Amino acid sequence: MKRINKKSVLAIVVLFFTTYQLTAQISIVSTDMPSPNDIVYTSIGLNLNFIDYQETGENYVWDFSQLSPISQTADTFVGLMDVPFIYSIFFLGSSNLVNEKSNNIPIPEFPITDSYTFYNNTNNYFGIAGEGFTLSGIPIPLKFGSPDKLYEFPLNYGNTSNSYAQYSMGMQGLGHIEREISRANIVDGWGILTTPYGTFEVLRLKSEVVEFDSIYIDSLGIGLPINREYTEYSWLGKGYKIPLLKIASGIGGLIVTYIDSIRMATSDVTNKLYNDIDRVKIFPVPSHNLINVSFELKSASNIEISICNTAGRIVATEKLFNQMPGEINYKLSTKKFGLPSGIYLLQIISNNQQITKRLILY
């Protein structure tokens, strides 16, 4: 009988375990989530090749390497004590992390200057504790009765979870705002994800989401109820803070958000670096016939506001010449352009800088 060399056995064992580690399932825990002072750069790209993002399985390979960014931004995370004091008191014990990234909140005629998303990262779950914004200089905290749990730990292949979150608040002399979110999660795949940023071992999370948002404005005597049902697909990797890639079926899987490096000079990231256009808001969301666009201009400039369809073609353009620094408020009529209902991209260009926002027309 031929003798087996000990070195050969050792080499086989090492090869076996190396191969196993390359294809093994990962597990996501609380330390893989963001912490105060983290900044994560993301890009938005269009899935114009119609990659089947719904396909999944064990040891699956997802290839989104062909994506090109049309806009970029930065998620900045801070501690609860780093935001206005009223938020610290209101969310004490229910939040330990805040995202300073501004969101479009559809409240017409009211100056919203800042907005926050409040998270809670525990050993058991990572979820949204609530939201907040500054209205006419007054901080407005909106806390869920129970958190919107994005992930329950440890997050492993095959795990399922459910959560329900709701807040309701009347603002004296202004109106009423209400939000409900129910979420059903399942980790339905694991494997390898490739994006323009790199190749990663991931878990794939599928979330069935039902949302109801209602805003009533006293001075206008109108309400803006919005019901949405959609599926979110998130690919998560070890230590990357937020999903490496995220797609929502509610917009046809066309718009893809993914972690990236800074790649372009015409983006929300440029806004943070050069500080020319700030505090961009579009309302109402969705919009019908008339879009209110507001932003803060930091230096004198000509402004171009364009609407692009999902193929990237400009379908409407307005130009504002010799705009001086300060708050810019512009009403863009879509009726005169004859735009049908659908998903669009609104672009604001100033001094060769471009910021892109998603727009829904109905």
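Residues numbered from 1 in each chain as written. Predicted model: local features only at pLDDT ≥ 70, side-chain atom pairs only at ≥ 80, totals over all residues. Heavy atoms only, no water.

## Describing the overall build of the protein chain
- Assigned secondary structure in the protein chain consists of three helices and 20 strands.
- When each of the 362 residues of the protein chain is scored for burial, the buried share is 48%.
- Here the protein chain displays about 17,700 Å² of accessible surface, and carbon together with sulfur accounts for 54% of that area. (Helix = DSSP H or I, 4+ residues; strand = E, 2+ residues; numbered from the N terminus. Buried < 20%, exposed > 50% of the residue type's maximum accessible area, 1.4 Å probe, protein only. Areas by Shrake-Rupley, 256 points an atom, 1.4 Å probe, with all protein chains shown as cover.)

## Remarks on the packing of aromatic side chains
- The final tally for this structure, using the stated rule, is 15 aromatic pairs.
- An angle of 50° between the planes, with centres 5.3 Å apart, marks the rings of Tyr 87 and Phe 118 as tilted. Here the residue Tyr 87 occupies a position in helix 2 (residues 85-90), and Phe 118 occupies one in strand 5 (residues 112-121), the gap between them amounting to 31 residues.
- Among the residues examined, Phe 118 registers a relative accessible area of 0% and is labelled buried.
- Joined through ring pairs, the aromatic side chains of Tyr 87, Phe 90, Phe 91, Tyr 116 and Phe 118 make up one cluster.
- When the ring centre of Phe 90 is taken as origin, the NZ or CZ atom of Lys 143, which lies over that ring, is 5.4 Å away.
- One cation-aromatic arrangement involves Lys 149 over Tyr 125; the distance from NZ or CZ to the ring centre is 4.8 Å. (Phe/Tyr/Trp six-rings, centres within 6.5 Å; stacked < 30°, edge-to-face > 60°. Lys NZ or Arg CZ within 6 Å of the ring centre and 35° of its normal.)

## Considerations on the confidence of the model for the protein chain
- Mean pLDDT over the protein chain works out to 81, with 80% of the residues at or above the 70 mark.
- Confidence, read as mean pLDDT per element, is least for helix 3 (residues 268-274) in the protein chain (41) and greatest for strand 2 (residues 60-63) (95).
- Confidence drops under pLDDT 50 across residues 6-22; counting only partners more than four residues distant or on other chains, this segment forms three contacts.
- Predicted confidence is poor over residues 264-275, with pLDDT under 50, and the contacts of this stretch with residues over four places away or in other chains come to 33 contacts. (pLDDT = per-residue confidence, 0-100. Contact = heavy atoms within 4.5 Å.)

## Regarding the pattern of salt bridges
- Here the structure, examined in full by the defined rule, presents 11 salt bridges.
- Several salt bridges converge on common partners, so that one network encompasses Glu 131, Arg 179, Glu 211, Asp 213 and Arg 228. (Salt bridge = Lys/Arg side-chain N within 4 Å of Asp/Glu carboxyl O.)

## A word on the environment of Glu 55
- Structurally, the position occupied by Glu 55 is in the loop between strand 1 (39-46) and strand 2.
- Measuring from C-alpha to C-alpha, the distance between Glu 55 and Asp 188 comes to 9.7 Å, with 133 residues separating the pair along the chain.
- With residues near it in sequence (within four places) discarded, Glu 55 still touches Tyr 60, Trp 62 and Arg 204.

## Structural notes on the nonpolar core
- Formed by 47 residues in total, the largest nonpolar core has its most connected members in Ile 28, Phe 64, Phe 126, Tyr 151, Leu 193, Trp 235 and Leu 245.
- Elements supplying a minimum of two residues to this core: strand 6 (125-135), strand 7 (138-152), strand 8 (160-171), strand 9 (175-195), strand 10 (198-217), strand 11 (222-236), strand 12 (245-248) and strand 13 (255-259).
- When residues of this core are assigned to their parent elements, the largest contribution, six residues, is made by strand 10.
- Formed by 20 residues, the second largest nonpolar core is a distinct cluster that contains Val 293, Ile 355, Leu 359 and Leu 361. (Core = buried A, V, L, I, M, F, W, Y, C linked by side-chain atoms within 4.5 Å.)

## With respect to unusual backbone geometry
- In this chain, Phe 153 is followed by Pro 154 through a cis amide linkage whose omega measures -10°.
- Relative to the assigned elements, Pro 154 resides in the loop between strand 7 and strand 8.
- For Asn 59, which is not glycine, the phi dihedral falls at a positive 50°.
- Along the chain, Asn 59 turns up in the loop between strand 1 and strand 2.
- The class for Asn 59 is partly exposed, based on a relative accessible area of 43%.
- The phi torsion at Lys 241 lies on the positive side, around 75°, for a residue other than glycine.
- With respect to the helices, strands and loops of the structure, Lys 241 is situated in the loop between strand 11 and strand 12.

## A closer look at the pairing of strand 9
- Among the 21 residues that make up strand 9, 15 are buried, leaving the element largely enclosed by the rest of the structure.
- Pairing analysis gives four bridges linking strand 2 to strand 9, with the strands arranged parallel. Counted as the bridge partner of Trp 62 is Leu 193 from strand 9. (Pairing = 2+ DSSP bridges.)

## Observations regarding the side chain of Glu 131
- With respect to the helices and strands, the residue Glu 131 is situated in strand 6.
- Of the polar contacts made by the side chain of Glu 131, one reaches the side chain of Tyr 167; its length is 2.5 Å.
- Aside from chain neighbours lying at most four places away, what touches Glu 131 is Phe 91, Tyr 116, Phe 118, Ile 140, Pro 141, Leu 142, Tyr 167 and Arg 179. (Polar contact = N/O pair within 3.5 Å; in protein donor to acceptor, adjacent residues only side chain to side chain.)

## Observations regarding the environment of Tyr 119
- Considering the arrangement of structural elements, one finds Tyr 119 in strand 5.
- Separated by 31 residues in the primary sequence, Tyr 119 and Leu 150 have C-alpha atoms spaced 9.9 Å apart.
- With near-sequence residues (within four places) excluded, Tyr 119 lies in contact with Phe 77, Ser 94, Ser 95, Asn 96, Leu 97, Asn 99, Phe 126, Gly 127, Ile 128, Ala 129 and Leu 150.

## Some remarks on the side chain of Ser 294
- Mapped onto the secondary structure, Ser 294 falls in strand 15 (residues 290-297).
- For Ser 294, a relative accessible area of 3% gives the class buried.
- Ignoring any residue separated from it by four or fewer positions in sequence, one finds Ser 294 in contact with Arg 279, Val 280, Lys 281, Phe 283, Ile 328 and Asn 329.

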